[in-house]
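So the chains spell out like this:
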Amino acid sequence: MTAFRESPWSAVLVMLLGVMATLAIPQWVDDFALIQITIYVVMAILAISQAFIWGFSGILCFGQASFFGLGAYTYALAVVNMGESTMPVLLAIALPGLFALLLGYFMFYGRLSDVYMGVITLTVSLIFFNSVNSTAGPEWRIGNAPLGGFNGIPSIPPINFPGNPEDPLDAIAFFYLCAFSLIAIYGGLRWLISSRIGHVIVAIKENEQRATLLGFDARAFKLFAFTLGGCIAGLSGCFFANWGSFTSPTVFSLGQSAQIIVWVIVGGLGTLVGPIIGSMAIQWLTTQIGTQQTFNSNLVLGVILVVFVLLVPKGIIPSLGDVLQKLFGKKVAKGEDA
Amino acid sequence: MDLALIVSVQVLYAIATLVIISSGLAVIFGMMRVINLAHGEFLMLGAYSAIFATKAGVNLWIAMLVVAPICVGLFGIVVERLIIRHLYGRMVDTMLATWGLSLLCVGLVTSVIGNTTSGVSTPEGSFSIGAYSVSFYTMALIVIAVVLLFAIRWVLRSTDWGLIARGTMQNPGMADVLGISPTRVYSITFAVGAALSGLAGGLLAPVSGVVPTMGGSFIAKAFITVIGGGSAILAGTVSASALFGLINQLATFITTPVFGEVALFIAAVVMLRMLPQGITGRFFKGSL
C-alpha cells in the first residue's frame, strides 16, 4: 500500500482519473453546477500548495491566504490596467512567489522555529487584510484600478485566449483551464517530490540537522519549496478573481487561512490527493451550511478542526489507507494460515 | 511643546495597549509553551462579559476589572480540561486546536448575538493639553498596564504560588514527586492567562467596537509582541511592547493607523531575522 502510494503509477492513475473526470464533467452537469465545480477546483489548487509546503517540506505556514490574495489582487489590478490577460496571469504567479521569497528569506535565514513561523505567516495575512481593507478612498489606486478597500474590486475582466483580448474564455473553457492546471500541478509536484531535490526537501522535513550535516543547505531548499508554494497559491488566487470577476479583502482573512488548514488536516497531511479531496468535501459542506440558518459555517469549521486534531490527527485519506491495509493485511495472513 | 507631550502620551498609550492585550498570551506561552490562537476570542468574550454585566446594572469598572476576567478565566479552565490538556508537548497540534476553538467561538457568538457592533461609552471625561484633548481613560489604561506588570511580577516572584508554578514548568516530574499535582498547576496557569486576556477584553470594550470578529484586529499585534519579546514573560513583554509601541505610534502619527501596524510588523520581522529567539533570547537573559 505504502509502496504503491509512492510509486509513479499512483500519480499516473490519479492524473488519468483526473483527466477522465475533467472531460466527463462538462458533458454531464448543467452550467450552474459546472461553475460550482470550477470553484472547487480553484480551491483545490490552493489546497495542494499548502499540502506541498506543509506536508512535504514541513513548513508551518498559517497564512497561505496571503499568497492567494496577492495573486487575486495582482491579477485584478494588472488586467484592469493592461486589458490583455496573459501578462497579468504571469504576474499573479510571479509576484506572490517573489513575496514568498522575501518573507521566506527572513524566516528561514533567521532560523525561526516552526511555531514562530506559523504565527508570523498568520500575522502577514492579517496585516494584508487590515491594510487592503483600509484602502477604500479614491486616492488608493494603481494605474486605472482603484483598490476599493473593503468593497473589493468588481467586474474584473476574464482571462482571454493569449494575445486576443476580444476572445474571453467561456465557462467550459475556464473549467478546463483550472482542472488541467490542477492536474499538471499535481503531476509536477509528484515528479518534484520523487526527484533528487524532492528527496532532499523531504529529508529536511524529517531531520533538518542531519540533512544539514550531510551538506545540504536546508534554508535554501526550504526557501525554494516555500516560493513554489507561493506561486501555486498565487495562480489559484488569479483563477479565483476570474471565477467571480470579483475580489475583496476577505481573500486575506483569517477564515480563508483557516479553511486551507482545515482542508489539509481533514484530507491528510503528507499526501497531495488528500487535501484535494478534503478541500472539495469541506467546500461542499460549507455550501450546504450556507443554505440553512441554524449553524454558522465558522462554527462547523471550528468543530471539524478541533475534532480532527484531537481524534483523527492523520486525516481521512491516510486513515482510510491504514484501514484498507489492515483489512488487506488480515486477508493475507488468513491465506497463509489456510 | 504641546505636540511633543501629546505624542509621548500617545506612545505610552500604544505601549500600554500592547502590554494589556499581550500579557495573557505571554503568560500562557512563557509558562506553558502553548501558543493560544484563540487569544483574540478570549478578548472578545471578555469584552462581551463586560458589556453584558454593565447592561445588567453592574458598575462599569467592576464589570471590566472583575467580571470579565472571572468569566474568561472560568472559560479557560473548561478549555484546558477539554482541549489543551490532551495536547501538551505537541505545540503545532495545540495551535491548530486553539485555532479551531477560535473559529468555533466566533461562530457561536455570531449565531447567538448576531454580527452587530455593541459597545459601552468611554468612562470619565477628558482633559486638555494645550489645544489637544486627552481622555482620562487613556491615562487610566496606562496606569492599569503598569499595575498589571507589577502584579504579575509580584505573583511570580514573591508568592508561593508563583514559585510552585515556575518550578512545575521547569520540571513537572520533580514537582509531582514533591506532592504537587502538575495537572492542577497547568490548569490554574492557563486559567490565569485566560483571565488576563478577559481583563484585556473588558478594558478594550469602551474604546473599540465589540463584534464577534473583533479578536482578529488585536491578535496580530499581540502575537508579534509575544514572539518579539521571547520567552521571558515580563522582560519580553515590556521590551517588545516598548519597542513596537513606539514604532507603531510614530508610524501612525506620520501616516495612518493601518500603516502603523504594517511598520510594527516589518520591524518585528527584521528584528526576528537578527534575534530569532526574540529580544530576551539575547538581552535580559534569565529575567522573568
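Nothing here was measured: the structure is a model prediction, and the numbers come from that model.

## Here's the deal with the overall build of chain B
When helices and strands are counted, chain B shows twelve helices and two strands. From first element to last, N terminus to C terminus, chain B shows the α and β order α-α-α-α-β-β-α-α-α-α-α-α-α-α. Whereas a compact globule of 288 residues would reach a radius of gyration of roughly 19 Å, chain B reaches 19 Å, a difference of no more than 12%. Looking at chain B as a whole, 49% of its 288 residues are labelled buried. For chain B, restricting intrachain contacts to residue pairs at least 6 apart in sequence, the fraction spanning at least 24 positions comes to 76%.

## As for the overall build of chain A
When its secondary structure is counted, chain A shows 14 helices and two strands. For a compact globule of 338 residues, the expected C-alpha radius of gyration is about 20 Å, and chain A comes in at 21 Å, within 12% of that figure. Sorting the 338 residues of chain A into buried and exposed places 47% on the buried side.

## Remarks on helix α5 (residues 136-158) of chain B
Residue and element names in this part refer to chain B. Under the 1.5 Å per step criterion, the end-to-end length of α5 is 32 Å for 23 residues, consistent within 8% with the ideal 33 Å. Those residues of α5 that sit buried are Leu-141, Ile-144, Ala-145 and Ile-152. Packing partners of the buried residues in α5 comprise α1 (2-32), α8 (182-204) and α10 (233-254).

## Describing the packing of helix α2 (residues 39-55) of chain B against α8 of chain B
A pair of packed helices is captured by two measures, namely the crossing angle of their axes and the spacing between those axes. Residues and elements named next belong to chain B. Contact geometry of α2 with α8 gives a least axis separation of 7 Å together with a crossing angle of 55°. Taken together, the axes of α2 and α8 lie oblique to each other. In the packing of α2 onto α8, the handedness of the crossing is right-handed. Taking contact as the criterion, the partners of His-39, Phe-42, Leu-43, Met-44, Leu-45, Gly-46, Ala-47, Ser-49 and Ala-50 in α2 are, on α8, Ala-194, Ser-197, Gly-198, Leu-199, Ala-200, Gly-201, Gly-202 and Leu-204. Of the residues belonging to the contact of α2 with α8, the class tally is ten nonpolar, seven polar and no charged.

## A word on the pairing of strand β2 (residues 132-135) of chain B
Residue and element names in this part refer to chain B. Note that strand β1 (residues 126-129) and β2 share four bridges and pair antiparallel. Bridging from a neighbouring strand, Phe-127 pairs with Val-134 of β2. Between β1 and β2, which follow one another and run antiparallel, lie two residues, and Gly-130 among them has a positive phi close to 60°.

## Notes on the nonpolar core
Judged by nonpolar contacts, the single largest core of 197 residues is most densely connected at Ile-45, Ala-47, Ile-48, Ile-265 and Leu-305 of chain A together with Ala-47 of chain B. No other element matches the 16 residues that α1 of chain B contributes to this core. In this structure Leu-305 of chain A touches Val-262 and Ile-265 of chain A together with Leu-96, Trp-99, Gly-100 and Leu-103 of chain B, once residues within four positions along its chain are discounted.

## A word on the interface of chain A and chain B
Much of the literature gives interface size as the accessible area that the parts lose upon coming together. At the interface, 33 residues of chain A touch 33 residues of chain B. Among the elements that take part in the side of chain A that touches chain B, helix α6 (residues 114-133) of chain A stands out by supplying eleven residues, more than any other. Counted by class, the side of chain A that touches chain B contains 22 nonpolar, nine polar and two charged residues.

## Some remarks on unusual backbone geometry
All names here are of chain A. Despite not being glycine, Arg-111 shows a phi value in the positive range, around 50°. Following the sequence through the fold, Arg-111 ends up in the loop between α5 (86-109) and α6. Note on Arg-111: 14 C-beta atoms within 10 Å, which makes it partly exposed.

## Quick look at the confidence of the model for chain A
Per-residue confidence for chain A gives a mean pLDDT of 88, with 96% of residues at or over 70. Counting interchain partners and residues more than four positions distant, the pLDDT-below-50 stretch residues 332-338 of chain A has zero contacts.

## Things to note about the environment of Tyr-186 of chain B
Residue and element names in this part refer to chain B. If you trace the backbone, Tyr-186 turns up in helix α8. Looking at Tyr-186, the number of C-beta atoms within 10 Å reads 21, which means it is buried. A C-alpha to C-alpha distance of 26 Å links Tyr-186 and Ser-241, two positions 55 residues apart in sequence. Excluding its chain neighbours within four sequence positions, the residues that come into contact with Tyr-186 are Met-32 and Glu-80.

## Side note on the environment of Met-214 of chain B
Residues and elements named next belong to chain B. With respect to the element layout, Met-214 can be found in the loop between α8 and α9 (215-229). By C-beta crowding, Met-214 is classed as buried, having 23 other C-beta atoms within 10 Å. Separated by 28 residues in sequence, Met-214 and Tyr-186 place their C-alpha atoms 28 Å apart. When sequence neighbours within four positions are dropped, the list of residues in contact with Met-214 reads Met-44, Ala-47, Ser-208 and Gly-209.

## What to know about the packing of α5 of chain A against helix α10 (residues 218-243) of chain A
Where α5 of chain A contacts α10 of chain A, the two axes come as close as 7 Å, and the packing angle between them is 145°. Crossing handedness for the pair α5 of chain A and α10 of chain A: right-handed.

## With respect to the environment of Pro-249 of chain A
With respect to the helices and strands, the residue Pro-249 of chain A is situated in the loop between α10 and α11 (254-267). Between the alpha carbons of Pro-249 of chain A and Tyr-73 of chain A there is a distance of 9.0 Å; along the sequence they are 176 residues apart.

## A word on helix α12 (residues 273-290) of chain A
Taking 1.5 Å per residue, 18 residues should reach 26 Å; α12 of chain A reaches 26 Å between its end C-alpha atoms and fits that length. Where α12 of chain A is concerned, the buried positions are Val-273, Gly-274, Pro-275, Ile-276, Ile-277, Gly-278, Ser-279 and Ile-282 of chain A.

## A look at the confidence of the model for chain B
Residues with a pLDDT of 70 or more make up 99% of chain B, whose mean pLDDT is 88. For this predicted complex, the interface confidence comes out at an ipTM of 0.85, alongside a pTM of 0.88.

Each value, and the rule that gives it
- Residues numbered from 1 in each chain as written.
- Chains lettered and ligands numbered in written order.
- Predicted model: local features only at pLDDT ≥ 70, side-chain atom pairs only at ≥ 80, totals over all residues.
- Helix = DSSP H or I, 4+ residues; strand = E, 2+ residues; numbered from the N terminus.
- Rg over C-alpha atoms; globule rule 2.2 N^0.38 Å.
- Buried ≥ 20, exposed ≤ 12 C-beta atoms within 10 Å, placed from the backbone.
- Contact = placed C-beta atoms within 7 Å.
- Expected span 1.5 Å × (residues − 1).
- Axes fitted to C-alpha atoms, helices over the stretch in contact; angles between N-to-C directions.
- Parallel < 35°, antiparallel > 145°, perpendicular 65-115°, else oblique.
- Left-handed = near helix turned anticlockwise from the far one by under 90°.
- Nonpolar A, V, L, I, M, F, W, Y, C, P; charged D, E, K, R; others polar.
- Pairing = 2+ DSSP bridges.
- Core = buried A, V, L, I, M, F, W, Y, C linked by C-beta atoms within 7 Å.
- pLDDT = per-residue confidence, 0-100.

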